[in-house]
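# What the coordinates show
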Amino acid sequence: MAEPKIRILIAKPGLDGHDRGAKVVARALRDAGYEVIYTGLHQTPEMIVNAAIQEDVDAIGLSILSGAHNALFPRIMQLLREKGAEDIVVFAGGIIPDDDVPGLEACGIRKIFKPGTSLEEIIAWVRENVKPRRVPAEG
Amino acid sequence: MEEREGEQLMAETERWERETVRRWIEQVPERAERFSTISDLEIKRLYGPWDIAGTDYLRDIGYPGEYPFTRGIHATMYRGRLWTMRQFAGFGTAEDTNRRFRYLLEQGQTGLSVAFDMPTLMGYDSDHPRALGEVGREGVAVDTLEDMKILFDGIPLDQVTTSMTINGPAAVLLAMYVAVAEEQGIPLDRIGGTTQTDILKEFIAQKEWIVPPRPSMRIVQDMLVWSTRNLPKWNPISISGYHIREAGATAVQELAFTLADGIAYVQAGIEAGMDVDEFAPRLSFFFDCHIDFFEEIAKFRAARRMWAKIMRERFQAKNPRSWWLRFHTQTAGVSLTAQQPLNNIARVAIQALAAVLGGTQSLHTNSMDETYALPTEEAVTVALRTQQIIAYETGVANTIDPLGGSYFVEALTNKVEEEAWRYIHRIDEMGGMLAAVEMGYPQREIAEASYRYQQQLERREKFIVGVNIFRSEEEVPIPILKIDPDVERRQVERLRRIRSNRNARRAESALKDLRHALEVGENCMPYILEAVKAYCTLGEICDVLRAVFGEYREPVII
């Protein structure tokens, strides 16, 4: 790829073990040329934000099916702001009722994908919306 | 089939392909180059006697209630008794779920099935930092014996059977259930039900674990022994393919990994010093029923035949009940769509029909709204009514295994069985399922299959109505169950009240004794029972397990 490689963290907040979606999306993004890091399951907001900063990612994809998104997503966004990493683009998917979407978008989640979204759609969105955060330091 | 007759048929079939089929295809081409099941097993244009030429009716198919049970485990199947209609339910606090249970029983449901929330499944109390936002969301929160008492309030435990979907902390929840029965004055030989306790499939697919695989198996072993000796009507393990399938496995993988898990549990029971016939009759199974109608029916038929062979030939079980593969089925949550949710009612009906034609012993039908949230009362009623329509209107329960003898179904049953044995032999070579899980083998196979299917969807080789074909722009919203956000606060309040009101000395010494039992390798069940009666919390008991055995971190595989 000509452009610098974009790094994406696929993260599983919450206690649910439903990782089929997260893994499929992780693989599809990798196949589409992105550098993908998958956190594994049962991650706290702190763990996710720390991983994002350590790995210096450009975007975070959150997958949650436990229903705890209204508690966990705002916490993740708050931690990113506290660490000065609010320019990391955050998108999400899983079981998220329509009524919850406006509130989550208001806290800074850029896009919530509904169940049944095609991989193509997700990749197209990422292509459009995720850019390298900054030119990496030399050396 | 006589050899000459066979040859003649082959010749005739070739002629049919050459003349009739080819001429037809020239005018009306087939819809695809290749037809395959949702699991990608290739399906032929036509099946006939030539496809089951090697099948011997008495040896391979036989009679219901007799080895190898291909047609059903009971002699009269649904003519005697219909399957148990068992809707999985649990949300909010114990009071909320108790109300749903009573409602379902009033609607004619015949067994209970408890869904616990995520912190309960992971062995955390409701006030643990990791429980934030999760309490009562995906199931009911149970922290102490108090919650369990409320959950079954007004439900005499000798009148219902209860299935509990709980694995890592299964021993703790079983102990609580036993303590509730004792309080209700019901003798332990009269309580019936199931704890899932299938920890291997947690590592493979469902991913709600506490301690690493080997100590987990040891706890399962303790429970199996204790339950076999104290709860004659309890099913201590429900060997589950459901979650394996939902994680993206094929039908063959679901079947093979589930039976391989079963083999590991039987071995564990034998290694604990029990005779196989002492405990094997109480092992039960739990499968998914996906949307590929015939593949699922074939899977259920193959499952019965394979388990019967495994138990009789491999483990030398003598009691025919040890050969029975009794199973619960749930329709495939993963097949439901958020788009055009009413369509899910049709999907569930078709899947439920396949489960019944496959000879299930009990059934949960999913509700149309489950891609959004836990089901509303209205949605769950439609799901239950779907089963009742199949049972009382369609006539499919009038005769046993009505699809038995279908060339296609018999050939597919053979095919599914053959492919599943291949996996089982592979796992045997790795040293059994425990070793295979530690190597990440089934996890990797499932991830591969699930990605393959997603790609087929993207290429539109496979279809989901409303998702990649027949989409509608206008979506009609459906009502969704909302969990009261106050649940967490109320649950935490109750938990803290119990912690401060209990006899602290009794609780503390119960936990100490449990720790000692775990360290010296004594059966931990009596100690867990004492701990729950002393009002130790689920989290405290599981903390002892974590302290003794360590926590599990999974290898990350994508």
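That block above? That's the structure.
Read on for a plain summary of the structure. Computed from a predicted model, the values in this text were never measured in an experiment.

Broken down by element type, chain B carries 22 helices and 10 strands. Principal-axis analysis of the C-alpha atoms gives chain B an extent of 85 × 60 × 45 Å. Looking at the 558 residues of chain B, the share that counts as buried comes to 61%.

So, on to the overall build of chain A. In terms of regular secondary structure, chain A is built from five helices and five strands. Helices (α) and strands (β) of chain A occur, in sequence order from the N terminus, as β-α-β-α-β-α-β-α-β-α. What you see for chain A is a C-alpha radius of gyration of 14 Å, in line with the 14 Å of a compact globule of 139 residues. Dimensions of chain A, computed from C-alpha atoms along their principal axes, come out at roughly 45 × 35 × 25 Å. A total of 139 residues make up chain A; the buried ones form 58% of that total. Of the accessible surface of chain A, which amounts to about 6,000 Å², a share of 49% is contributed by carbon and sulfur atoms. Chain A carries 17 positive and 20 negative side-chain charges, and their two centres are separated by 3 Å.

The next subject is a nonpolar patch on the surface. On the surface, a cluster of nonpolar side chains totalling about 320 Å² of accessible area is made up of Tyr57, Leu58 and Tyr63 of chain B. Within the fold, tyrosine 57 of chain B resides in helix H2 (residues 57-61).

It is worth spelling out the interface of chain A and chain B at this point. Listed per partner, the contact involves 38 residues of chain A and 41 residues of chain B. Here chain A and chain B share an interface that buries about 3,300 Å² over both sides, 54% of which is from carbon and sulfur atoms. The three residues of chain A that bury the most area against chain B are Leu15, Arg20 and Arg27 of chain A, which together make up 23% of that side's buried surface. Counting every contact that joins chain A to chain B gives three salt bridges. A salt bridge links aspartate 99 of chain A to lysine 482 of chain B; its shortest N-O distance comes to 3.2 Å. Contributions of two or more residues to the side of chain A that touches chain B are made by helix H1 (20-31), helix H3 (69-82) and helix H5 (119-129) of chain A. Of the residues forming the side of chain A that touches chain B, the biggest block, eight residues, is contributed by H1 of chain A. Tallied by class, the residues present in the side of chain A that touches chain B amount to 15 nonpolar, 12 polar and 11 charged.

Right, let's get into the packing of aromatic side chains. All names here are of chain B. Summed over the entire model, instances satisfying the criterion amount to 25 aromatic pairs over all chains. Centroid distance tyrosine 47 to phenylalanine 408: 4.8 Å. Interplanar angle 40°. Geometry classified as tilted. With a gap of 361 residues between them, tyrosine 47 in the loop between helix H1 (3-27) and H2 and phenylalanine 408 in helix H16 (residues 407-430) connect regions that are remote in the sequence. For tyrosine 47, a relative accessible area of 16% translates into the label buried. Site record: aromatic cluster; members linked through ring pairs are Phe285, Phe287, Phe300, Trp307 and Phe327. Positioned above the aromatic ring of tyrosine 47, the side-chain terminus of lysine 44 is 5.2 Å from the ring centre. Seen from the ring of tryptophan 323, arginine 312 lies directly overhead, with NZ or CZ sitting 5.2 Å from the centre.

This part is about the pairing of strand E2 (residues 35-38) of chain A. Residue and element names in this part refer to chain A. Pairing of strand E1 (residues 7-11) with E2 involves four bridges; the strand directions are parallel. Across the sheet, residue isoleucine 8 finds its bridge partner in E2, namely valine 36. Each parallel crossover has a hand, and for E1 linked through H1 to E2 it is right-handed.

Before going further, it helps to examine the pattern of salt bridges. All names here are of chain B. Tallying each qualifying case throughout the model produces 58 salt bridges over all chains. In this structure, arginine 490 engages aspartate 484 in a salt bridge whose closest nitrogen and oxygen atoms are separated by 3.3 Å. Overlapping salt bridges bring together Asp125, Asp127, Arg496, Arg499, Arg502 and Glu540 as one network.

Residue and element names in this part refer to chain B. Where helix H8 (residues 213-230) contacts helix H21 (residues 525-533), the axes come no closer than 9 Å and their chain directions differ by 85°. When the axis of H8 is compared with that of H21, the two are roughly perpendicular. Between H8 and H21, the residues in contact are Asp222, Met223 and Trp226 and Met525, Pro526 and Leu529, respectively. Here the contact of H8 with H21 is built from residues that sort into five nonpolar, no polar and one charged.

Residue and element names in this part refer to chain B. Mapped onto the elements of the fold, phenylalanine 35 is located in the loop between H1 and H2. According to the relative accessible area criterion, phenylalanine 35 is partly exposed, its value standing at 29%. Linking phenylalanine 35 and tyrosine 57, residues 22 residues apart in sequence, is a C-alpha distance of 28 Å. If sequence neighbours within four positions are ignored, phenylalanine 35 has contacts with Glu30, Leu41, Glu42 and Ile43.

Let us look at H16 of chain B. The end-to-end C-alpha separation of H16 of chain B is 35 Å, in line with the 34 Å expected for 24 residues at 1.5 Å each. One or two residues past the end of H16 of chain B sits glycine 431 of chain B, with phi positive at roughly 105°.

This paragraph deals with the sheet that holds strand E6 (residues 234-235) of chain B. All names here are of chain B. Spatially, five strands are ordered E2-E3-E4-E5-E6 in an open sheet, and the strand pairing comes out parallel. Pairing within the sheet leaves two strands with one partner each, and these edge strands are strand E2 (88-89) and E6. Sheet topology places strand E4 (residues 161-165) next to strand E5 (residues 192-195); four bridges connect them, and they run parallel. In the sheet register, methionine 164 faces E5, and the bridge partner there is threonine 195.

All names here are of chain B. Within the open sheet, the five strands sit side by side as E1-E10-E9-E8-E7. Their pairing is parallel. On the outer flanks of this sheet lie strand E1 (84-85) and strand E7 (238-240), each paired with one strand and no other. Of the strand pairs in this sheet, strand E8 (residues 284-289) and strand E9 (residues 327-331) are connected by five bridges, and their pairing is parallel. When the bridges of E9 are listed, phenylalanine 285 appears paired with phenylalanine 327.

The rules behind the values
- Along every chain, residues carry numbers that run from 1 in the direction the sequence is written.
- By the order in which they are written, chains take letters starting at A while ligands take numbers starting at 1.
- The model is predicted, so local features are restricted to residues of pLDDT at least 70 and side-chain atom pairs to those at 80 or more, both for listing and for counting; the totals for chains, interfaces and linings are taken over all residues.
- In computing side-chain properties, one takes all heavy atoms of the structure into account and sets aside hydrogens as well as water.
- Here a helix means four or more residues in a row that DSSP labels H or I, a strand means two or more in a row labelled E, and each is numbered from the N terminus.
- Each residue is assigned to one of three classes by its accessible area relative to the maximum for its type, calculated with a 1.4 Å probe on protein chains only: buried under 20%, partly exposed between the two thresholds, exposed over 50%.
- We compute the radius of gyration over the C-alpha atoms and compare it with the globule rule, which gives 2.2 Å times the number of residues raised to the power 0.38.
- Surface accessibility follows the Shrake-Rupley procedure with a 1.4 Å probe radius. Residue values consider only the protein chains on display as shielding.
- Working convention for charge: Lys and Arg count positive, Asp and Glu count negative, and His plus the chain ends are omitted.
- Note on charges: their place is set at NZ of Lys, CZ of Arg, CG of Asp or CD of Glu.
- A patch is a set of surface residues, each over 30% in relative accessible area and not in a salt bridge, joined within 9 Å for like charges and within 5 Å for the nonpolar side chains Val, Leu, Ile, Met, Phe, Trp and Tyr.
- Salt-bridge detection follows one rule: a side-chain nitrogen of Lys or Arg within 4 Å of a carboxyl oxygen of Asp or Glu.
- The contact criterion used throughout is that any non-hydrogen atoms of two residues lie within 4.5 Å.
- Two parts placed together each lose some accessible area under a 1.4 Å probe, and the buried area is that loss summed for both.
- As a working rule, the residues Ala, Val, Leu, Ile, Met, Phe, Trp, Tyr, Cys and Pro are called nonpolar, Asp, Glu, Lys and Arg charged, and the rest polar, with Gly in that last group.
- Here the aromatic set is Phe, Tyr and Trp, taking the six-membered ring for Trp, and pairing holds for ring centres within 6.5 Å; pairs whose planes are under 30 degrees apart are stacked, those over 60 apart are edge-to-face, and all others are tilted.
- In this scheme, Lys NZ or Arg CZ marks a charge over a ring once it lies within 6 Å of the ring centre and within 35 degrees of the ring normal.
- Strand pairing is assigned whenever DSSP identifies at least 2 bridges connecting the two strands.
- Clockwise travel from the first strand over the helix to the second, with the strands pointing away from the viewer, marks a crossover as right-handed.
- Working convention: axes come from line fits to C-alpha atoms, limited for helices to the stretch in contact. Angles between N-to-C directions cover 0 to 180 degrees.
- Convention used here: angles under 35 degrees read as roughly parallel, angles over 145 as roughly antiparallel, angles from 65 to 115 as roughly perpendicular, and any remaining angle as oblique.
- To estimate the expected span of a helix, subtract one from its residue number and multiply by 1.5 Å.

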